Amino acid sequence: MNALVFNAYGKTEDVCKVEKIPRPEEKDLKPGEMLIKVQAAALNPIDIVRIKGGLKALRPEPSFPAVVGFDVAGEVIAVKPAEKADGVEFKVGDEVAARMAGSRPGSVAEYAIVSFGVAAKKPKDLSWGDAASLGLAGQTAIQAFRKGEVKEGDKVFISGGAGGVGTLAIQLAKKVFKVGTVATTASPGEKSELCKALGADVVINYKSEKFEEKLKDYDFAFDTTGEADRMCSILKPGKKVVSISGTPTVESLQGIGMKPGLMIRFFLWMKKDSSRFRAANTHNVKYSYLFLNPNAADMKILVDAAGAKDIRAVIDSKYKLIEGTKAVSRMESGRCKGKVVIFTEEAVNEPKESDIKDEGKEQTKAETNEETKEETNEETKADEGKEPKAETKEETKAD
């Protein structure tokens, strides 16, 4: 089958390519897994971190070539029932969406193996591209709001509203958590207008304004851009800042069942974002780091909300599988407004040919030149992707 792979850790342009690899078969399934024919897959900044080796300290690749991607949507073609039914069962012909996890990442391929425990059935009227775009970013937002104990009527602040996580977080805050006020940051013009269209009540131009000078008495702050220390002053006493950017904490790893050893603990201690804890203490608020725990229940919340038109995926660009390396370049550019989606040749009805980027098609000059601070820092830690990276200082700061 064709797949977007990397053959070693390194620069994306050096190690990524689309090539033929052995197709997974029904005999490869473990109990509670299904084989799907992939229709669409979405990229996230964490994919770039993984390719460059930023996750190898905690989750080294078991072998190369390794298939890129975590977010996927497709049709079930084989199943191996779970030994103990403790959730939704799937059958051949089901259309599903998932944020892949554990030892089986690899969504940008013609076929993929997906665990029952991270998947949900896709509503028939939800497009493949939209379904593939929800998992990582949407579950990150849901779990951040839960961790922050967000409730109906609250005032919440979400930094980086025009990025992959931010676009879904704004909608989920309004439609699912039913908060009273959503404030966010974005660059002026198109991205600010996008945030307003998604439901943001207050959009702060980060280029000319400081959000900490504009906001006060908020109930929760969601840091997707590495600015948690500045958010502490806008909260009511006792409220919470939750971050997906920066260095994870030991507690965040333990919260998803990991058992970091002495070396990892020492690394995290050395890289600890002390300024965040100091700011939290100064303003009598609580700071914590979120490490994504992919699961079927949150995936179902997302596909159901999207199927009911309460939320929608914001798609930046669409590519064919054979153009996978161009999709990686787009993701790595930091200029994305929403998700980068890759379609297999099997997705014959979506998108229309005119909607898929042509080979070598250039981005517009305005899009290329626009600063996008909020997107470049916001998603990379939104998953197992928020794992500590023992590589360069620059990687450690990546979102």
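Check the entry above for the structure.
Residues numbered from 1 in each chain as written. Predicted model: local features only at pLDDT ≥ 70, side-chain atom pairs only at ≥ 80, totals over all residues. Heavy atoms only, no water.

*Asks:* Go over the packing of helix α4 (residues 135-147) against helix α12 (residues 296-307), please, and point to the residues and values.
*Replies:* Their axes nearest at 9 Å, the elements α4 and α12 cross at an angle of 110°. Put simply, α4 runs roughly perpendicular to α12. Taking contact as the criterion, the partners of G135, G138, Q139, I142, Q143 and R146 in α4 are, on α12, D298, M299, I301 and L302. Grouping the constituent residues of the contact of α4 with α12 by class yields four nonpolar, four polar and two charged. (Axes fitted to C-alpha atoms, helices over the stretch in contact; angles between N-to-C directions. Helix = DSSP H or I, 4+ residues; strand = E, 2+ residues; numbered from the N terminus. Parallel < 35°, antiparallel > 145°, perpendicular 65-115°, else oblique. Contact = heavy atoms within 4.5 Å. Nonpolar A, V, L, I, M, F, W, Y, C, P; charged D, E, K, R; others polar.)

*Asks:* Give a description of the sheet that holds strand β2 (residues 16-20) that names residues and reports values.
*Replies:* The strand order across the open sheet built from three strands is β2-β1-β4, with neighbouring strands paired in antiparallel fashion. Of all strands in the sheet, those with a lone pairing partner are β2 and β4 (66-67), marking the two edges. Packed on one face of the sheet, helix α13 (residues 324-332) meets β1 (2-6) and β2 and runs near 155° to β2. (Pairing = 2+ DSSP bridges.)

*Asks:* Before we move on, could you go through the sheet that holds strand β11 (residues 202-205) and cite the residues and values that matter?
*Replies:* Read across the open sheet, the six strands follow the order β11-β10-β9-β12-β13-β14; overall the sheet is parallel. In this open sheet, the two edge strands, each paired with only one partner strand, are β11 and β14 (286-289). Each strand axis lies, on average, 15° off the axis of its neighbour in the sheet, ignoring direction. Where strand β13 (residues 235-243) and β14 come together, four bridges link them in parallel fashion. Bridge pairing in β14 places K240 opposite K286.

*Asks:* Give me α13: which residues, what numbers.
*Replies:* Every buried residue of α13 is accounted for by G324, A327, V328, R330 and M331. Angularly, the buried residues of α13 cover 160° about the axis, an arc narrow enough to put them on a single face. Phi turns positive, to about 75°, at G334, one or two residues after α13. (Buried < 20%, exposed > 50% of the residue type's maximum accessible area, 1.4 Å probe, protein only. Arc of directions from axis to C-beta.)

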